[in-house]
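# Structural overview
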Amino acid sequence: MTADEVIAGLRALADPSRLPGMARYGIGTGTALGVTVTELRGVARGIGRDHELAGGLWDSGIHEARILASLVDDPALVDDAQFERWGAGFDSWDLCDQVCQNLFRYAPAAWTKATEWTTRPEPFVKRAGFTLMAGLAVAEKRADDERFAALLGPLAAGADDDRPLVRKGASWALRAIGKRSRDLNRRAIETAEELRARGGGARWVGTDAMRELSSPAVQARLGSRGGAAPSQLTRWGPGSPSTPSQDP
């Protein structure tokens, strides 16, 4: 299938009545059609992996076509140039999160970009760095604790940001890392305490993360699993118009 043929199919699925709901979630609807993530996943299953098609879908600039591109692309073929090109096109928090969770976290450069992007000034690119950290905490099940502990320094360095979509990303990353094991939970809580002492955006991140990391539910789960508790990323609910169930 060509990109034009796939986009024609998306237009057939589109329901413009969904656009106001997307806007209420802070999603720019200028290029959106009104196709749900559930529908996009169904289309992606019918297509399979297609790196060339993904590039054509991304280049269309259509919101849902870009999310679909992240679902059909082959992460093994995603290079640094594609990270930068697509990252420059992030124009909403849900597109950022979808691309990172569907594709980028599985690409060879994911670990490098996770730390590099948390130093960037662009809000969606910086959020993407934190989103990658959160995604790696789930995707890299065999990675040892030290690899994730090494992310805590860059995470803390970038956490002092008053922009809500960035600081929420930092909290997400800290919570995801801190739910992998008891040792990482201890280290993440120490990081959260340091952030709380700083004030500003860092204080918000530390307080928000601490609420979950020190909760009885998380502590009980970590204890019952002998120190290995994979974190649970926010799931995208069925029928939601290309949005995670959490707010940005």
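Residues numbered from 1 in each chain as written. Predicted model: local features only at pLDDT ≥ 70, side-chain atom pairs only at ≥ 80, totals over all residues. Heavy atoms only, no water.

## Observations concerning the environment of Thr118
To keep things clear, this is the line we draw: Secondary structure is summarised from DSSP: a helix means a run of H or I of at least four residues, a strand means a run of E of at least two, and numbering begins at the N terminus for each. Whether a residue is buried, partly exposed or exposed follows from its accessible area with a 1.4 Å probe, protein chains only, as a fraction of its type maximum: under 20%, in between, or over 50%, in that order. Residues count as neighbours in contact if any of their non-hydrogen atoms are within 4.5 Å of one another. Polar contacts, as counted here, are pairs of nitrogen or oxygen atoms within 3.5 Å of one another; within protein the pair requires one atom able to donate a hydrogen and one able to accept it, and residues that are adjacent in sequence qualify only if both atoms are side-chain atoms.
Tracing the chain through its elements places Thr118 in the loop between helix H8 (110-117) and helix H9 (123-139). Since its relative accessible area comes to 3%, Thr118 is described here as buried. Spatially, the C-alpha atoms of Thr118 and Gln98 are 17 Å apart, while their sequence positions differ by 20 residues. Filtering out sequence-adjacent residues up to four positions away, Thr118 remains in contact with Lys126, Gly129, Phe130, Met133, Pro154 and Gly158. Within the structure, Thr118 has its side chain in polar contact with the backbone oxygen of Thr115 (distance 2.7 Å).

## Quick notes on the packing of aromatic side chains
Condition: Note on aromatic contacts: the rings of Phe and Tyr and the six-membered ring of Trp form a pair at centre separations within 6.5 Å, being stacked when their planes are under 30 degrees apart, edge-to-face when over 60 apart, and tilted otherwise.
Under the defined criterion, the tally for this structure stands at 9 aromatic pairs. Relative to Trp117, the ring of Phe90 lies with its centre 6.5 Å away and its plane at 90 degrees, an arrangement referred to as edge-to-face. Here Trp117 lies in helix H8 and Phe90 lies in the loop between helix H6 (80-88) and helix H7 (93-102), a separation of 27 residues in the sequence. Taken together, the ring pairs in this structure connect Trp58, Phe83, Trp86, Phe90, Phe104 and Trp117 into an aromatic cluster.

## Here we look at the pattern of salt bridges
Stated formally: Salt bridges are defined by distance alone: a side-chain nitrogen of Lys or Arg within 4 Å of a carboxyl oxygen of Asp or Glu.
Using the criterion set out here, one finds 17 salt bridges in the structure. Between Arg186 and Asp183 there is a salt bridge whose closest N-O contact spans 2.7 Å. You can see Arg186 and its partner Asp183 sitting in helix H12 (residues 182-198), 3 residues apart, about one turn around the helix. Judged by relative accessible area, which is 42%, Arg186 ranks as partly exposed. Asp183 gets classed as partly exposed once you look at its relative accessible area, which sits at 25%. Between Glu190 and Arg186 there is a salt bridge, with the nearest N and O atoms lying 3.1 Å from each other. You can see Glu190 and its partner Arg186 sitting in helix H12, 4 residues apart, about one turn around the helix. For Glu190, a relative accessible area of 37% gives the class partly exposed. Residues joined by salt bridges that share partners form a network here, namely Asp80, Glu84, Lys113, Glu116, Arg120 and Glu122.

## Considering the packing of H9 against helix H11 (residues 164-178)
Which entries qualify depends on this criterion: Whenever a helix is involved, its axis is fitted only over the stretch in contact; in every case the axis is a line through C-alpha atoms, and angles between N-to-C directions fall within 0 to 180 degrees. Should an angle lie under 35 degrees it is considered roughly parallel, over 145 roughly antiparallel, and from 65 to 115 roughly perpendicular; all remaining angles are considered oblique. Left-handed describes a crossing in which the near helix is turned anticlockwise from the far one by less than a right angle; the clockwise case is right-handed. Under the scheme applied here, ten amino acids are nonpolar (Ala, Val, Leu, Ile, Met, Phe, Trp, Tyr, Cys and Pro), four are charged (Asp, Glu, Lys and Arg), and all others, including Gly, are polar.
Relative to each other, H9 and H11 sit at 15 degrees, their axes nearing to 8 Å. It follows that H9 is roughly parallel to H11 by the angle criterion. Crossing of H9 over H11 shows left-handed handedness. Contacts between H9 and H11 involve Pro123, Phe124, Lys126, Arg127, Phe130, Thr131, Met133, Ala134 and Ala137 on the former and, on the latter, Leu165, Val166, Lys168, Gly169, Ala170, Trp172, Ala173, Ala176 and Ile177. Each residue belonging to the contact of H9 with H11 can be placed in one class, and the counts come to 13 nonpolar, 2 polar and 3 charged.

## Some remarks on helix H10 (residues 145-158)
The condition is simple: A helix is expected to reach a length of 1.5 Å times the quantity of its residues less one.
Over its 14 residues, H10 runs 21 Å from end to end, which matches the ideal 20 Å to within 8%, given 1.5 Å per residue. Listing the buried residues of H10 in full gives Phe148, Ala149, Leu151, Leu152, Leu155, Ala156 and Gly158. Buried-residue contacts for H10 involve H8, H9, H11 and H12. Between the side-chain oxygen at the start of H10 and the backbone nitrogen of Glu146 there is a gap of 3.2 Å, and the oxygen is on Asp144.

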